[in-house]
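Topology and contacts: notes
Residue-level listing of the chains:
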Number of protein chains: 2
Amino acid sequence: MRKVAIVGIGHSKFGRRSDASLRELAFEAVKASLADADVALKDVESMVVSVASDEFSFSLQPSAQIVDYLNFNPKPSFRVEGACASGSMAVRTGWMTVASGLADLVLVVGAEKMTEISTPIATEIMGKGGDSIWEYPFGLTFPGYYALIARAHMARYGTTEEQLAQVAVKNHHYGMLNPYAHMHKEITVDEALNSFMVADPLKLYDCCLISDGAAAVLLASERLAKKISDKPVWIAGLGLGTDTLSMTGRRDLTTLSGAVVAAGQAYKMAGVKPKEIDVAVVHDCFTIAEIVAYEDLGFCKQGEGGKLIEEKRTYIGGDIPVNVDGGLKSKGHPIGATGVSMAVEITKQLRGEAEPGRQVPHAGIGLSHNVGGNGQHVAVHIYRRED
Amino acid sequence: MRKVAIVGIGHSKFGRRSDASLRELAFEAVKASLADADVALKDVESMVVSVASDEFSFSLQPSAQIVDYLNFNPKPSFRVEGACASGSMAVRTGWMTVASGLADLVLVVGAEKMTEISTPIATEIMGKGGDSIWEYPFGLTFPGYYALIARAHMARYGTTEEQLAQVAVKNHHYGMLNPYAHMHKEITVDEALNSFMVADPLKLYDCCLISDGAAAVLLASERLAKKISDKPVWIAGLGLGTDTLSMTGRRDLTTLSGAVVAAGQAYKMAGVKPKEIDVAVVHDCFTIAEIVAYEDLGFCKQGEGGKLIEEKRTYIGGDIPVNVDGGLKSKGHPIGATGVSMAVEITKQLRGEAEPGRQVPHAGIGLSHNVGGNGQHVAVHIYRRED
């Protein structure tokens, strides 16, 4: 198995980017990733694009917009999709492109342009990421899905609304320190608890943002990585799990079984244990999702996720710092970009280049956890600084 | 580079399948592919899904419908997309999954359900596979794109409407012999020439069908392939090219530059020349597209594609039999399934298992050519019977 490293990273500002189209957002991230690696686009052999939705991009073939705008043609490129985990599917596919020997230098770019339409319409489009035949037509969209998960977790384990709010407070705190984050706003537990109800028990501050944005990583084979970069970050483990389309098919609402499976694969492939992870980014589309992720990834026992945040053990200085880039909650969630943004963040952390106040000291092993839909696709990746 | 073989093939009946949903069509093809390989689904390690459109599937995450219905979860699966070339992106990604060492047995399934909506609406959805910002809003959809290509080819090379009709006659002839084909109807040149005008000079019989359908292939590593199958078909060459999003960016309308690039990569990787190809399937979404493909693939010189069909050199017994499964023209074109269907057809041909009257004798090397949009993504794959 050929080794694969991240040798370049780029990130657009996330937010309501009325100044930029989908292709321009992608360009912003790609340009930064090439500059970071000091590589010219002409030397890139192949590309993988993540855009999650035809409807947001008003296109049947959204990746062609990006290929065209970058002037990447006639070189190989195509799009991958796993709803909100599309970006991690792109990192996985980029890894496979290098590992299989098809190419030595591959660009992975994720982008989404979501704020041109109203929040209710955007919520409808995303709602079709769930069971669009048997659940969506009856009114269930993502806040509702995660409200069901939250209620089940509260009922079984005594998880509290305060603990959910504490996740939001942490992620808003670190988002303040991330210049690429959509929202720069500290909040308190009281503010979170008193924000308006979206889907009981989830309130405004329990929900992530709808954002525009893009992120890019350059992947290289071992030989090339050592030539291009003096600080390559190695992709050491890849996990991918799936689950039933419908929530009614799940045996347990308090865990995402695809995440447990994906984590198992990634830990095994990388040869590491949960307690060895120095820094993690997890898919906090709603605050409850971060608490469930703690448990699914083995950062704590089942049912103890609420206590983990309450005791601030996922802050820097705690057992396992999580989402110190602000997470989807405060950094934003342009759905096709998120998985790639996670790879960018872990690379920054392992290089020791995160902004002051949010750098995890001496981070050597990082993990990303990216969920598509309400668990239909879950990717877990493990990254290492050391060769 | 690990070698990868096709060890199982499955194909649904293509057509107006009001009896089956997207997931049921996929199941039909997958079941057949497992039976063909005599393998159980539990032994398949990973899956790649091709569905081209969110809108046809009324979903943000269409692959989850298929994963769920197959009971494939929690194993790895995700979707790939390159418009009408999505199926070939899935074969490529399946190949990478095995070649990279991530898995030894991978299922690749392509499916689309297109006939539930009217043809004008389907044409609109597909129209957004072109430049949906600068061309589609002004009325240009696929018949129009290929009419422009046809007019340019006629003007430069003297290609005639009769030659276009001859492509349709050939493909309808062979489609008669393919039990999985959407349409079983012989036509004459006169009937084709007198069919109603769609986009001048393209008439009804110059246009492929809008179909429902699915196809599946099982890919295996060398070790496993030899264990599972006594007739593995090896994927020997993979090419993938891209082009400008807008037709106005093209230097030449009479060729798809992405196809030329993809063919070059595939021939080089497989170490074969165009004249060594025994059987080919090409993307005849419109009759002119097959003539352009002859030239882009090096089956004849630039401008001589019309003569190649006129002299019946792409019939069985000619230089290079093309689309003896009926092609998109008569077999049908469920867009996400087409690339996988091409891999199924070439495997049948190389195994000597095609139906009587359409089997190319002693076929040892086959080629597939699959176009996304009007050339934004083009995949060329080469397959070999011999190890």
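Residues numbered from 1 in each chain as written. Chains lettered and ligands numbered in written order. Predicted model: local features only at pLDDT ≥ 70, side-chain atom pairs only at ≥ 80, totals over all residues. Heavy atoms only, no water.

**So, the overall build of chain A**
The number of helices and strands found in chain A is 14 helices and 11 strands. A compact globule built from 387 residues would reach a C-alpha radius of gyration of about 21 Å, and chain A, at 19 Å, matches this within 12%. For chain A, the C-alpha atoms occupy an extent of roughly 55 × 45 × 35 Å along the three principal directions. Here chain A holds 387 residues, and the buried ones make up 68% of them. The long-range share in chain A, meaning contacts at least 24 apart out of those at least 6 apart in sequence, stands at 77%. For chain A, the exposed area adds up to about 12200 Å²; of that, 54% sits on carbon and sulfur atoms. (Helix = DSSP H or I, 4+ residues; strand = E, 2+ residues; numbered from the N terminus. Rg over C-alpha atoms; globule rule 2.2 N^0.38 Å. Buried < 20%, exposed > 50% of the residue type's maximum accessible area, 1.4 Å probe, protein only. Contact = heavy atoms within 4.5 Å. Areas by Shrake-Rupley, 256 points an atom, 1.4 Å probe, with all protein chains shown as cover.)

**Considerations on the pairing of strand β7 (residues 213–221) of chain B**
All names here are of chain B. The buried fraction of β7 amounts to nine of the nine residues, a majority that puts the element mostly inside the structure. The side-chain alternation of β7 yields two buried faces, one formed by G213, A215, V217, L219 and S221 and the other by A214, A216, L218 and A220. For strand β4 (residues 105–112) and β7, the ladder comprises eight bridges, and the chain directions are antiparallel. Bridge pairing in β7 places V109 opposite A216. (Pairing = 2+ DSSP bridges.)

**Some details on the interface of chain B and chain A**
Counting residues at the interface gives 63 residues for chain B, matched by 63 residues for chain A. Across the chain B to chain A interface the summed buried area is about 4900 Å²; carbon plus sulfur atoms make up 60%. The three residues of chain B that bury the most area against chain A are L60(B), Q61(B) and F78(B), which together make up 15% of that side's buried surface. Counting across the chain B and chain A interface gives two salt bridges. The partner of R79(B) in a salt bridge is E81(A), with the nearest N and O atoms 2.8 Å apart. Looking at the side of chain B that touches chain A, the elements that each hand over two or more residues are α2 (54–57), α3 (62–70), β3 (77–81), α4 (86–99), α5 (119–127), β8 (233–242) and α10 (257–270) of chain B. When residues of the side of chain B that touches chain A are assigned to their parent elements, the largest contribution, seven residues, is made by α4(B). Tallied by class, residues from the side of chain B that touches chain A come to 28 nonpolar, 25 polar and 10 charged. Inspection of the sheet shows strand β3 (residues 77–81) of chain A paired to β3(B) by three bridges, in the antiparallel sense. (Buried area = accessible area lost by both parts, 1.4 Å probe. Salt bridge = Lys/Arg side-chain N within 4 Å of Asp/Glu carboxyl O. Nonpolar A, V, L, I, M, F, W, Y, C, P; charged D, E, K, R; others polar.)

**Focus on the relation of the copies chain B and chain A**
Under the fitted operation, chain B is carried onto chain A by 0.0 Å of movement along the axis and a turn of 180°, and the coordinates agree to an RMSD of 0.0 Å. Read as a symmetry element, the transformation amounts to a two-fold axis. (Least-squares fit on C-alpha atoms with pLDDT ≥ 70 in both.)

**A few points about the confidence of the model for chain A**
Per-residue confidence for chain A gives a mean pLDDT of 97, with 100% of residues at or over 70. The complex prediction reports pTM at 0.98, with the ipTM value standing at 0.97. (pLDDT = per-residue confidence, 0-100.)

**Quick word on the environment of V91(B)**
Locating V91(B) in the fold gives a position in helix α4. Note: C-alpha distance between V91(B) and L218(B) (127 residues apart in sequence) is 9.6 Å.

**Some details on the pairing of strand β10 (residues 365–372) of chain B**
All names here are of chain B. Burial of β10 is extensive: eight of the eight residues sit out of reach of the surface. Of the two faces of β10, the one lined by I365, L367, H369 and V371 and the one lined by G366, S368, N370 and G372 are each fully buried. Of the strand pairs in this sheet, β10 and strand β11 (residues 377–384) are connected by eight bridges, and their pairing is antiparallel. Counted as the bridge partner of L367 is I382 from β11.

**Regarding the side chain of N73(A)**
Relative to the helices and strands, N73(A) is located in the loop between α3 (62–70) and β3. Those residues in contact with N73(A) that sit more than four places away from it in its chain are V67(A), D68(A), T242(B), D243(B) and T244(B).

**With respect to the side chain of H377(B)**
For H377(B), the location among the structural elements is in strand β11. The exposure class assigned to H377(B) is buried, which follows from its relative accessible area of 0%. Only 2.7 Å separates the side chain of H377(B) from the side chain of Q61(A), close enough to count as a polar contact. Reaching out from H377(B), the side chain makes a polar contact with the side chain of S63(A) at a distance of 3.3 Å. (Polar contact = N/O pair within 3.5 Å; in protein donor to acceptor, adjacent residues only side chain to side chain.)

**Side note on the pattern of salt bridges**
All told, the structure shown has 50 salt bridges over all chains when counted by the stated rule. Notably, a salt bridge pairs E355(B) with R358(B), separated by 2.8 Å at the nearest N-O pair. In this structure, E355(B) and R358(B) share a single accessibility class: buried. When salt bridges with common partners are traced through the structure, they connect D36(A), K231(A), R351(A) and E353(A) into a single cluster.

**Some details on unusual backbone geometry**
All names here are of chain B. Cis geometry is adopted by the peptide bond preceding P74, which originates at N73 and carries an omega value of 15°. Its location among the elements puts P74 in the loop between α3 and β3. For the bond from D200 to P201, the omega torsion is 10°, close enough to zero to count as cis. Following the sequence through the fold, P201 ends up in the loop between β5 (197–199) and β6 (202–203). Unlike most non-glycine residues, N323 shows phi in positive territory, near 55°. Tracing the sequence through the fold places N323 in the loop between α12 (305–310) and α13 (327–330). Residue classification places N323 among the buried residues on the basis of a relative accessible area of 1%.

**Describing the nonpolar core**
Ranked by internal contacts, the top residues of the largest apolar core, which has 203 residues, are Y146(A), F299(A), Y146(B) and F299(B). Of all hydrophobic cores here, the second largest spans 31 residues; its members include L70(B), A111(B), A220(B) and L224(B). (Core = buried A, V, L, I, M, F, W, Y, C linked by side-chain atoms within 4.5 Å.)

**Considering the packing of aromatic side chains**
Across all of its chains, the model carries 10 aromatic pairs over all chains by this definition. Between F27(A) and Y69(A), the aromatic rings sit 5.8 Å apart at their centres with planes inclined by 80°, giving edge-to-face as the arrangement. A residue pair is termed long-range when its members are at least 10 positions apart, and F27(A) in helix α1 (residues 22–37) and Y69(A) in helix α3 qualify at 42 residues. According to the relative accessible area criterion, F27(A) is partly exposed, its value standing at 34%. The class for Y69(A) is partly exposed, based on a relative accessible area of 38%. On the basis of an interplanar angle of 50° and a centroid distance of 5.8 Å, the ring pair of Y174(B) and Y315(B) is categorised as tilted. Pair noted here: Y174(B) is in helix α7 (residues 161–175) and Y315(B) is in the loop between α12 and α13, with a separation of 141 residues, a long-range link. For the pair Y174(B) and Y315(B), a shared accessibility class is recorded, and that class is buried. The positively charged end of K3(A) is found above the aromatic ring belonging to W234(A), 4.5 Å away from the centroid. (Phe/Tyr/Trp six-rings, centres within 6.5 Å; stacked < 30°, edge-to-face > 60°. Lys NZ or Arg CZ within 6 Å of the ring centre and 35° of its normal.)

**Here's the deal with a nonpolar patch on the surface**
Residue and element names in this part refer to chain A. A surface patch of nonpolar side chains, about 410 Å² in accessible area, is lined by I133, W134 and F138. For W134, the location among the structural elements is in the loop between α5 (119–127) and α6 (142–157). With a relative accessible area of 61%, W134 lands in the exposed category. (Patch = residues over 30% accessible without salt bridge, like charges linked within 9 Å, V, L, I, M, F, W, Y side chains within 5 Å.)

**Things to note about the environment of A35(A)**
On the secondary structure map, A35(A) appears in helix α1. Accessibility expressed as a relative area gives 59% for A35(A), which makes it exposed.

**Considerations on α10(B)**
Residue and element names in this part refer to chain B. If you check α10, its first and last C-alpha atoms are 20 Å apart, about what 14 residues at 1.5 Å a residue would give, namely 20 Å. Every buried residue of α10 is accounted for by G258, A259, A262, A263, A266, Y267 and A270. The buried residues of α10 occupy one face: seen down the axis, they fall within an arc of 155°. Next to the buried residues of α10 lie β8, α11 (287–296), β10 and β11. G271 lies just past α10 and shows a positive phi near 65°. (Expected span 1.5 Å × (residues − 1). Arc of directions from axis to C-beta.)

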